[in-house]
Amino acid sequence: MILYVFVAIVTVLLGLLVNNHEVRDEGGITRGQMLNGLSLLSVFLILFALSSCRLNVGNDYAKYVEFMHLIRCDAYVPTEFGFNFIVKLLYGISGFENYLLVFAFFAFFTVLLFLAAIYRQADSFGFSFFLFMALGYYFQSFSTVRYYLALAITLFAIPYVLRKEWLKFIFLILIGATLHKSLLVVIPLYFLASVAWKKWQLVLAAVFCSTFFFLQDFYLKLVVFLYPTYEETEYLEGGTSYVNIVRCLCVLLLALLLYQKVVKDSRRNRFYFYCNLGAMVMYVCCSFLPVISRIGYYLTITHIFFIPALINGVENKKMKKFLTVCTVAAGVLYFALLMSKAKNPGFRILPYETFLFHDMVPILSDVN
């Protein structure tokens, strides 16, 4: 755990040195641009090294190694064809089952796209990067590596939604869906979040959301149709996150207080507002759906941009400082709670092991 806390502190401090609104000087590279480049490169290398050097860290690491083995043997696996293609390509280049290279490949692009998205879209790179680390998006990417690369692609694609460049957005989402097909849900969700809803439309949406309470069997059958492998498994048990509900509620209350000044006339902030509202509705109304948190994360990932944007819109300096301190304190508490669960089977990022000093445990195929 000391390693994770150390990495989080160092990378956040480096992130605070980054000015993502640095004006380029046509006469050459300025001192500020040099500092930006070195800080960003350092953050990337630290996060990439920690992720790519791990061995059997993450609740499904061994399962992925098993999937990769079956892919090379041309056996059936429930993973998408994009992931299968990458595994076959990297295994073919290596000449053996080099699963470390596959994990490094996913770590490289996951970290790269997250950092690029934050640099492009954040009001303050340092503040948004702090939230990215504190809310656990980086450390959770040690598990479900396909999903978190898809999530990084989603975050990177948001500017195309805001500029209504729908073809570019859909193109990126379709690429991401070859790795994790749940990504397809963001096409309708982000479209709905980009709409300037009228009050009567919100009332109709609320009526529709009420159907989740008395048509649960129908929606579960729809999920099984889309994900046949979920049938008669523990994935259909559903569940929700009360912590995420509280988080969405706090963001919603702050957004409502600042709605007229910060949200109403800003296409970007209005999009973030409806993403947060949609996530809260899902966590409250759709707890019966399997892995609802994965769908919710496609919406709550915008918190790393929305919260700083809301605070930045506060004119009173004392209030702005107070909200900033409260947000940092909440982030540190959230990170502490996350680390307290680091050894849990559903998370399992501790103990940290690396291929430099440890050997891989036998996978199912080895045992059989």
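If you're wondering where the values come from, they're calculated on a predicted model, not measured in any experiment.

Undergrad: So what exactly am I meant to see when it comes to the overall build of the chain here?
TA: A tally of helices and strands in the chain yields 20 helices and zero strands. What you see for the chain is a C-alpha radius of gyration of 21 Å, in line with the 21 Å of a compact globule of 368 residues. With respect to the three principal axes, the spread of C-alpha positions in the chain is 65 × 60 × 40 Å. Relative to all contacts within the chain whose residues are 6 or more apart in sequence, the contacts with residues 24 or more apart total 74%. Only carbon and sulfur atoms are counted for the fraction: they give 69% of the accessible area of the chain, which is about 18,700 Å². Once the 29 positive and 20 negative side-chain charges of the chain are each reduced to a mean point, those two points are 13 Å apart.

Undergrad: Looking at this structure, how should I read the packing of aromatic side chains?
TA: Think of a pair of aromatic rings as described by two things: how far the centres are apart, and how the planes are tilted against each other in angle. The final tally for this structure, using the stated rule, is 37 aromatic pairs. When the ring of Y4 is compared with that of Y352, the centres are 6.0 Å apart and the planes differ by 85 degrees; the resulting orientation is edge-to-face. One end of the pair, Y4, is in helix α1 (residues 2-16); the other, Y352, is in the loop between α19 (317-340) and α20 (364-367), with 348 residues separating them in the sequence. In this structure Y4 comes out as buried when scored by relative accessible area, which is 0%. Within the aromatic cluster, the residues linked to one another by ring pairs are F44, F48, Y61, Y64, F67, F83, Y99, F103, F105, F106, F108 and F109. The lysine or arginine in question, R120, covers the ring of F156, its NZ or CZ lying 4.4 Å from the ring centre. Sitting over the face of the ring of F83, R146 holds its NZ or CZ atom 6.0 Å from the ring centroid.

Undergrad: Just to check I follow, could you spell out helix α2 (residues 31-52) for this structure?
TA: Because the α-helix completes a turn every 3.6 residues, residues three or four places apart line up on one side. For α2, spanning 22 residues, the distance from its first C-alpha to its last is 31 Å, which sits close to the expected 32 Å at 1.5 Å a residue. Looking only at α2, the buried set comprises Q33, N36, S39, L40, V43, F44, L47, L50, S51 and S52. Where α2 is buried, its residues touch α1, α5 (99-121), α6 (125-134) and α7 (137-140).

Undergrad: Would you mind showing me how to read unusual backbone geometry here?
TA: Most peptide bonds adopt trans geometry, and most residues besides glycine take a negative phi value. A cis amide bond links L350 with the next residue in sequence, P351, at an omega value of 0 degrees. Locating P351 in the fold gives a position in the loop between α19 and α20. Non-glycine residue K164 carries a positive phi angle of around 60 degrees. Summarising the element assignment, K164 is placed in the loop between α8 (145-162) and α9 (166-177). Despite not being glycine, R348 shows a phi value in the positive range, around 50 degrees. Mapped onto the elements of the fold, R348 is located in the loop between α19 and α20.

Undergrad: Which parts of the structure should I look at to understand the environment of P78?
TA: Along the chain, the position of P78 falls in the loop between α3 (61-72) and α4 (81-94). A sequence separation of 123 residues divides P78 from Q201, and the C-alpha atoms of the two residues are 39 Å apart.

Undergrad: I keep staring at the pattern of salt bridges and nothing clicks. Help me out?
TA: For side chains of opposite charge, pairing can occur when their charged atoms come near one another. Tallied over the full model, the rule gives six salt bridges. For R268, the salt bridge goes to D123, with nearest N and O atoms at 2.8 Å. Highlighted residues: R268 in helix α16 (residues 267-285) and D123 in the loop between α5 and α6, separated in sequence by 145 residues. Using a relative accessible area of 22% as the deciding quantity, one classes R268 as partly exposed. The partner of K168 in a salt bridge is E165, and the shortest N-O contact between them spans 3.6 Å. Exposure remark for K168: the relative accessible area of 48% places this residue in the partly exposed category. For E165, a relative accessible area of 25% translates into the label partly exposed. Linked by salt bridges that have partners in common, R163, E165 and K168 make up one network.

Undergrad: Help me out: how do you make sense of a nonpolar patch on the surface in this one?
TA: Where nonpolar side chains cluster on the molecular surface, the patch consists of F213, F214, L215, F218, L222 and V284 and spans about 610 Å² of accessible area. Of all the secondary structure elements, the ones that give two or more residues to the nonpolar patch are α12 (211-214) and α13 (216-226). Inspection of the secondary structure assignment puts L215 in the loop between α12 and α13. Note on L215: relative accessible area 35%, which makes it partly exposed.

What counts, and where the lines are drawn
Residues numbered from 1 in each chain as written. Predicted model: local features only at pLDDT ≥ 70, side-chain atom pairs only at ≥ 80, totals over all residues. Heavy atoms only, no water. Helix = DSSP H or I, 4+ residues; strand = E, 2+ residues; numbered from the N terminus. Rg over C-alpha atoms; globule rule 2.2 N^0.38 Å. Contact = heavy atoms within 4.5 Å. Areas by Shrake-Rupley, 256 points an atom, 1.4 Å probe, with all protein chains shown as cover. Lys, Arg positive; Asp, Glu negative; His and termini not counted. Charge placed at Lys NZ, Arg CZ, Asp CG, Glu CD. Phe/Tyr/Trp six-rings, centres within 6.5 Å; stacked < 30°, edge-to-face > 60°. Buried < 20%, exposed > 50% of the residue type's maximum accessible area, 1.4 Å probe, protein only. Lys NZ or Arg CZ within 6 Å of the ring centre and 35° of its normal. Expected span 1.5 Å × (residues − 1). Salt bridge = Lys/Arg side-chain N within 4 Å of Asp/Glu carboxyl O. Patch = residues over 30% accessible without salt bridge, like charges linked within 9 Å, V, L, I, M, F, W, Y side chains within 5 Å.

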